Each structure stands twice: as C-alpha cells, then as structure tokens.
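Below, each chain spelled out in residue letters.
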Amino acid sequence: MTAGLEKACHRCISKIASNAYFIFGLLAFLALPLSMTFTGMKFLEDCPVQPLIPLYLLVGGVIGSLKVTLLLYDSTRMRQLLSKSVVIDDDDDDEYPWRQNAHKYYIHLTLSLFLFLWFILGNYWVFSVYLPNFIPPFHQPQDYCDKTLYIFAVGVLIISHTVLFLVIFCSCCIYCFSRQRYSSEED
C-alpha cells in the first residue's frame with residue numbers, strides 16, 4: 001500500500017472512530033451482547049435437545065461485550081489524542097499517536113477471530129435442530145428447546161448475518177471508491 005493511500009485510510013478511520021455518532025452507535029450495539037449474555041444465563045438448562053445454544057449466547061455475549069467495550073475505550077481514547085494534537089498543534093514524527101499500542105491490535109484481532117468462529121459454530125448449533133419442539137413431549141422429555149431461547153438465538157443470527165453483509169458490502173464499496181479515486185489522482 002502506498003504512503004498516500006495509507007495516510008488517507010488512517011485519516012478516514014480516525015474520523016469515523018472518533019465521531020460521537022460512532023460512539024453512541026457502539027453504546028447502542030452493546031445492548032445485543034448484553035442481552036445475549038442475559039438470555040444465555042437465564043435459559044442455560046432449557047434446551048436439552050441442543051444444550052450448546054444457551055452456551056453460544058452466553059459466551060458470545062460475554063466476549064462480544066468485551067469487544068465492544070474495548071472499541072468504546074479505544075474510540076474515546078482516540079478522540080482525546082486527536083483533540084490534544086489539534087489543540088497543541090503537535091507536528092512530531094508520529095502522525096498516528098494511537099498506533100503506539102500494537103498489542104491492542106492483536107487483542108482486537110484475537111477477539112474478532114474468536115467471535116467469527118463462534119458465529120459459525122452458533123449457526124451450526126442453532127440450525128442443526130431447526131424448529132425443535134417448544135413443549136417437552138411426554139414420551140421424550142429431553143427433546144425440546146425453550147421457544148424464547150430458540151427464537152432469540154435465530155434473531156441474533158439473522159442480525160449478525162445482516163451486519164456481516166453490510167460490513168463486507170460497505171468495505172468493498174469504500175475500497176473500490178478509494179482505489180478509483182487514488183488511480184485518478186495518479187493520472
């Protein structure tokens with residue numbers, strides 16, 4: 001990646017991540033993993049046909065909450081660093097002061113990779129018993145899953161699929177636009 005394109009990408013990311021709307025969006029998005037955690041804990045024993053569904057919600061909610069909390073912390077920290085550099089007109093060699101903690105990058109990468117793999121496993125666990133009995137049958141009392149738990153898990157997966165699609169689509173659009181703009185500036 002050339003220096004000009006890298007600088008433009010960092011400028012774009014810093015503007016998005018330091019935006020107050022982005023921070024409020026993250027706060028609103030924090031409701032999903034917290035509700036996943038609560039639902040997973042409440043219905044931990046209520047899906048004997050696939051006992052990993054409440055575990056999927058519980059672990060995914062805890063790790064998702066951690067990820068969003070770290071993103072919130074980094075965003076507010078970036079706002080502080082950018083405002084300080086603007087106020088004091090800091091022109092030192094490091095144009096990107098938030099890059100100083102590279103270990104945070106690996107923490108975010110590890111959490112994101114775990115959440116993606118957990119998402120794939122959750123798809124398998126939830127849809128492998130698609131439309132289970134919601135009332136325990138008399139002859140097989142272990143062959144059911146609580147309706148609230150199961151519908152919530154399906155809803156979480158639908159929301160996750162939608163967000164994943166939008167992120168991939170928007171990333172491709174931004175990449176194509178920036179590549180087209182960069183190539184037109186070279187000519």
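All values derive from a computational prediction rather than experimental measurement.

Draft legend 1. Summary view of helix α3 (residues 31–42). Spanning twelve residues, α3 covers 16 Å between terminal C-alpha atoms, matching the ideal 16 Å at 1.5 Å per step. All of the buried residues in α3 are Leu-32, Pro-33, Met-36, Thr-37, Thr-39 and Gly-40.

Draft legend 2. How the structure looks around the nonpolar core. Ile-53, Tyr-56, Leu-57, Val-126, Leu-149, Tyr-150 and Val-156 are the most contacted members of the largest nonpolar core, which totals 19 residues. Every element with two or more residues in this core is listed here: α3, α4 (52–87), α5 (102–127) and α6 (147–186). Per-element tally for this core: the top contributor is α6, with six residues. Residues contacting Leu-149, with those up to four places away along its chain left out, are Thr-39, Phe-43, Cys-47, Ile-53, Pro-54 and Leu-57. Ranked by size, the runner-up nonpolar core spans five residues in total, among them Ile-23, Leu-26, Leu-30 and Leu-72.

Draft legend 3. Quick look at the packing of aromatic side chains. Following the criterion strictly, the structure yields seven aromatic pairs and no others. Ring geometry for Phe-114 against Trp-118: centres 5.5 Å apart, planes inclined by 15 degrees, an arrangement best described as stacked. With a gap of four residues between them, Phe-114 and Trp-118 both fall in helix α5, about one helical turn apart. Its relative accessible area of 31% is what places Phe-114 among the partly exposed residues.

Draft legend 4. Spatial organisation of the environment of Leu-157. For Leu-157, the location among the structural elements is in helix α6. By relative accessible area, which is 0% here, Leu-157 ends up buried. For the pair Leu-157 and Ile-120, spaced 37 residues apart in sequence, the C-alpha to C-alpha distance is 9.6 Å. Other than its neighbours up to four places away in sequence, Leu-157 contacts Tyr-56, Phe-119, Gly-122, Asn-123, Val-126 and Phe-127.

Draft legend 5. Molecular detail of the state of the cysteines. All chains considered together, the criterion is met by one disulfide. The side chain of Cys-47 participates in a disulfide bridge whose partner is Cys-145; the two sulfur atoms lie 2.1 Å from each other. As the torsion about the S-S bond is roughly -110 degrees, the Cys-47-Cys-145 disulfide counts as left-handed. On the criterion of sequence distance, the pair formed by Cys-47 in the loop between α3 and α4 and Cys-145 in the loop between α5 and α6 is long-range, its members being 98 residues apart. Neither Cys-47 nor Cys-145 differs from the other in exposure class; each is buried. With no disulfide of its own, Cys-170 lies 6.3 Å from the sulfur of Cys-173, the closest cysteine sulfur. Cys-176 supplies the cysteine sulfur nearest to Cys-172, a cysteine that is in no disulfide, at a spacing of 6.4 Å.

The rules behind each value
- Residues numbered from 1 in each chain as written.
- Predicted model: local features only at pLDDT ≥ 70, side-chain atom pairs only at ≥ 80, totals over all residues.
- Heavy atoms only, no water.
- Helix = DSSP H or I, 4+ residues; strand = E, 2+ residues; numbered from the N terminus.
- Expected span 1.5 Å × (residues − 1).
- Buried < 20%, exposed > 50% of the residue type's maximum accessible area, 1.4 Å probe, protein only.
- Core = buried A, V, L, I, M, F, W, Y, C linked by side-chain atoms within 4.5 Å.
- Contact = heavy atoms within 4.5 Å.
- Phe/Tyr/Trp six-rings, centres within 6.5 Å; stacked < 30°, edge-to-face > 60°.
- Disulfide = S-S within 2.5 Å.

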